[in-house]
Amino acid sequence: MDHRSKKLFERAQQLIPGGVNSPVRACLGVDSDPLFVAHAKGSHLTTVDGTTFVDYVQSWGPMLLGHAHPVVASAIHAAVDRGTSYGAPCEDEVVLAEAVIDALPAVEMVRMVNSGTEATMSALRLARGVTGRNKVIKFVGCYHGHADAFLASAGSGVATLSIPGTPGVPEATVRDTLLAPYNDLTAVAELFALHGKDIAAIIVEPVAGNMGLVLPVDGFLQGLRDLCTEHGALLIFDEVITGFRVNYGGAQKRFGITPDLTTLGKIIGGGLPVGAYGGRADLMRRIAPCGEVYQAGTLSGNPLAMAAGIATLTELKKSDYDALEARVAALAGELQNILAAKGVPVRVNTIASMFTVFFTDQPVTDFASAKTANAALYTSYYKQMRDKGIYLAPSPFEAAMVSFAHTDADLAALLDAARAITLTA
Ligand code: KE4
């Protein structure tokens, strides 16, 4: 059935580590081989063997409009004939910066980079540069890209593959990375009591998407804001997933919290490589060339990615986020009922257009509770759903993504597949 995928995977494994250009795609966490994609459109993707799936990964978040959206595609087509990279300023960099600043309440200035990792590593360098402090607080199970400082107890692919610690990262680097459980303000307050004058920043996924989907409990984000203000540290919202996903204005708009810095990625590139970091103008002006904190990038702000980002945000600004959230909330509730009726423990967390199925009988509010979920059940669920044409994240530590292109028939197809599978506790 997946003959060409298997042949391509065999070839790829001789040429590319693990046969993939990003670890989680290898599907090791669900005892499966990856499917090679030939093309994708809207809510669907089609493999090199001609099999079409309803896609609930959506490239891990960028494709909120769905794959190959005509407005985005035509913007890219038009841009490509104007040249793909100038290494000099272009008008679309200004236009996309204006769109981002207009949307996100806490962003007064923004710098484009090429990935979420570049965005978070740059935001941390800026926080350290302006505070003169070295330590950073991150939360166990949160993933902020693969920069050295963030690979302590990270989520996403690090959690999926149970990669121990941080091989290749100097002990001195992670010594400055302090860890706390997500949603645990007491633990954060204790870290400030111990290290307060040395802590440059807290970096947090305001909604966690890399331990599976975990929501902030009431007061958590405000508590982080208050602790940072009290101790002179900066609050960094890593909105690489949540930016333009949980609200057009991101989590900072949805929850009414003002971080000092915000990192972005995924959606703002419309599927092309774009990341960004931004925030208070007084902080961003400390970045070279107007400040002394250095950060640079050959392809930062390239015209193709800017055109894709502008087209994407333009379409999203007109989109009905509340309607999509209501549809996904109903889907998640029905999915929980269907799976629970099979006699297995299950909790489905959802917000906006994201959800995660945890095969556990307890609320999932942090990485420790996320890890109580039955991994074997998730693997069985993943495999059977894939056999029935539903393409899910090959890891229980990710979030399913629904796009504006998903039809009611697409959502029904997921529920029908869930009804048809067999799960044994
Ligand atoms: P990238 O460097 O992969 O563009 O972004 C890193 C990043 C930063 N912050 C958050 C909150 C993120 O979720 C990510 C990347 N997300 C993962 C999936 N959850 C990327 C998938 C992959 O590694 O292939």
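Reading the values: the criteria
Residues numbered from 1 in each chain as written. Predicted model: local features only at pLDDT ≥ 70, side-chain atom pairs only at ≥ 80, totals over all residues. Heavy atoms only, no water. Pairing = 2+ DSSP bridges. Helix = DSSP H or I, 4+ residues; strand = E, 2+ residues; numbered from the N terminus. Near = heavy atom within 4 Å. Polar contact = N/O pair within 3.5 Å; in protein donor to acceptor, adjacent residues only side chain to side chain. Areas by Shrake-Rupley, 256 points an atom, 1.4 Å probe, with all protein chains shown as cover. Nonpolar A, V, L, I, M, F, W, Y, C, P; charged D, E, K, R; others polar. Domains from an automatic or database assignment. Axes fitted to C-alpha atoms, helices over the stretch in contact; angles between N-to-C directions. Parallel < 35°, antiparallel > 145°, perpendicular 65-115°, else oblique. Left-handed = near helix turned anticlockwise from the far one by under 90°. Contact = heavy atoms within 4.5 Å. Buried < 20%, exposed > 50% of the residue type's maximum accessible area, 1.4 Å probe, protein only. Arc of directions from axis to C-beta. 1 Å grid on protein atoms, 1.4 Å probe; cavity = no way out; pocket = protein on both sides within 12 Å on 5 of 7 lines; lining within 4 Å. Points joined across faces, edges and corners; volume = space filled by probe spheres on them. Buried area = accessible area lost by both parts, 1.4 Å probe. Salt bridge = Lys/Arg side-chain N within 4 Å of Asp/Glu carboxyl O. Phe/Tyr/Trp six-rings, centres within 6.5 Å; stacked < 30°, edge-to-face > 60°.

S.K.: Even after reading the chapter, I still don't get the sheet that holds strand β2 (residues 44-47), so can you show me in this structure?
M.R.: Strands pair in a sheet through their backbones, by hydrogen bonds, and they do so in one of two ways: parallel or antiparallel. Strands sit in the order β1-β2-β3-β13 across an open sheet of 4 strands; the sheet is mixed. The sheet is open, and its two edges are formed by β1 (37-41) and β13 (390-391), each paired on a single side. One ladder, built from 4 bridges, connects β1 with β2; its direction is antiparallel. Within β2, the residue paired with H39 across the bridge is T46.

S.K.: Explain the site of the ligand here, please?
M.R.: In the region of the ligand, 17 residues are neighbours, and S22, T117, N210, D238 and E398 sit closest. Within the side chain of N210, an N or O atom sits 2.5 Å from a nitrogen atom of the ligand. Here a nitrogen atom of the ligand and a side-chain polar atom of K266 are 3.0 Å apart. Considered on its own, the ligand offers 540 Å² of accessible surface; in the complex 87% of this is hidden by protein. Looking at the shell around the ligand, its residues break down into 5 nonpolar, 8 polar and 4 charged. Here the shell around the ligand gathers at least three residues from each of two domains, domain 1 (3-65 + 320-420) and domain 2 (70-317).

S.K.: Sorry, what's going on with the packing of helix α2 (residues 70-80) against helix α11 (residues 303-317) here?
M.R.: Each packed pair of helices is defined by two parameters, the angle between the axes and the distance between the axes. As a packed pair, α2 and α11 sit with axes 8 Å apart at the nearest point and diverge in direction by 155 degrees. Taken together, the axis directions place α2 and α11 in an arrangement best described as roughly antiparallel. In this structure, the crossing between α2 and α11 has a hand that is right-handed. Contacts between α2 and α11 involve V71, V72, A75, I76, A79 and V80 from the former and P303, L304, A307, A308, A311, T312 and E315 from the latter.

S.K.: I'm lost on α2 in this one. Help?
M.R.: Residues lying three or four places apart along an α-helix face the same way, a consequence of the helix completing one turn every 3.6 residues. Regarding α2, the residues found buried are V72, A75 and A79. For α2, the angular spread of buried residues about the axis comes to 65 degrees, placing them on one side. Exposed side chains of α2 directed beyond 90 degrees from the buried face belong to P70 and H77. Each element contacted by the buried residues of α2 is listed here: α11.

S.K.: Help me understand the environment of L221 in this model?
M.R.: On the secondary structure map, L221 appears in helix α8 (residues 220-231). When its relative accessible area of 5% is taken as the criterion, L221 is described as buried. Separated by 36 residues in sequence, L221 and L185 have C-alpha atoms that sit 8.9 Å apart.

S.K.: Sorry if this is basic, but what is going on with the layout of surface pockets here?
M.R.: Unoccupied space between atoms shows up once a probe the size of one water molecule is rolled over them. One number sums up the size of the second largest pocket: a volume of about 440 Å³. Considering the residues around the second largest pocket, the lining is formed by 19 residues, among which V110, R111, M112, A288 and P289 are closest to the centre. Put simply, the parts of the chain that give the lining of the second largest pocket at least two residues each are α3 (91-103) and β4 (109-113). Broken down by element, the lining of the second largest pocket gets its largest block of residues, 4 residues, from β4.

S.K.: I would appreciate a short explanation of the domain arrangement of the chain in the present structure.
M.R.: Accessible area lost on assembly of the parts is the figure often given for the size of an interface. According to the domain assignment, the chain contains domain 1 (3-65 + 320-420) and domain 2 (70-317). On a C-alpha basis, the centres of domain 1 and domain 2 stand 25 Å from each other. Buried area between domain 1 and domain 2, both sides added, is near 2800 Å², and the carbon and sulfur share of it is 67%. Where domain 1 meets domain 2, there are 1 salt bridge. Taking the shortest distance from any N to any O, the salt bridge between E325 and R254 comes out at 2.7 Å.

S.K.: For this particular structure, what's the right way to read the packing of helix α12 (residues 321-340) against helix α15 (residues 408-420)?
M.R.: Here α12 crosses α15 at 10 degrees, and the two axes come no closer than 9 Å. Comparing the axis directions of α12 and α15 gives the class roughly parallel. Across the interface between the two elements, R327, L331, E334, L335, I338 and L339 of α12 pack against D408, L411, L414, L415, A418 and R419 of α15. Taken together, the residues of the contact of α12 with α15 sort by class into 8 nonpolar, no polar and 4 charged.

S.K.: For this particular structure, what's the right way to read the packing of aromatic side chains?
M.R.: For any pair of aromatic rings, the description consists of the separation of the ring centres together with the inter-plane angle of the planes. Applying the stated rule across the entire model yields 11 aromatic pairs. Centroid distance Y56 to F355: 6.2 Å. Interplanar angle 65 degrees. Geometry classified as edge-to-face. One end of the pair, Y56, is in the loop between β3 (52-55) and α2; the other, F355, is in strand β12 (residues 354-358), with 299 residues separating them in the sequence. The residues Y56 and F355 share a single accessibility class, namely buried. A ring pair is formed by Y321 and F404, whose centres lie 5.4 Å apart and whose planes are at 80 degrees; its orientation type is edge-to-face.

S.K.: I'm lost on the pairing of β2 in this one. Help?
M.R.: Taken residue by residue, a regular strand's side chains alternate between the two faces of the sheet. Taking the residues between adjacent antiparallel strands as the criterion, β1 and β2 are bridged by 2 residues, where G42 takes a positive phi near 60 degrees. Strand direction decides the pairing type here: β2 and β3, joined by 3 bridges, are antiparallel. Along β3, the bridge assignment pairs H44 with V54. Counted between consecutive antiparallel strands, the loop separating β2 from β3 contains 4 residues, among which G50 sits at a positive phi close to 85 degrees.

S.K.: Just checking my understanding: could you explain empty space enclosed by the protein for this structure?
M.R.: A complete count under the given rule lists 2 cavities of 30 Å³ or more for this structure. Computed from the structure, the largest cavity encloses a volume of approximately 80 Å³. Residue lining of the largest cavity: F355, T356, V357, Y378, Y381, L392, A393, S395, E398, A399 and A400, and that is the complete set. Taken together, the elements giving at least two residues each to the lining of the largest cavity come down to β12 and α14 (375-387). Here the lining of the largest cavity takes 3 residues from β12, the largest share from any one element. Looking at the lining of the largest cavity residue by residue, the class counts come to 8 nonpolar, 2 polar and 1 charged. One number sums up the size of the second largest cavity: a volume of about 30 Å³. Around the second largest cavity sit D2, S5, K6, D33, P34, L35 and R386, which together line it.

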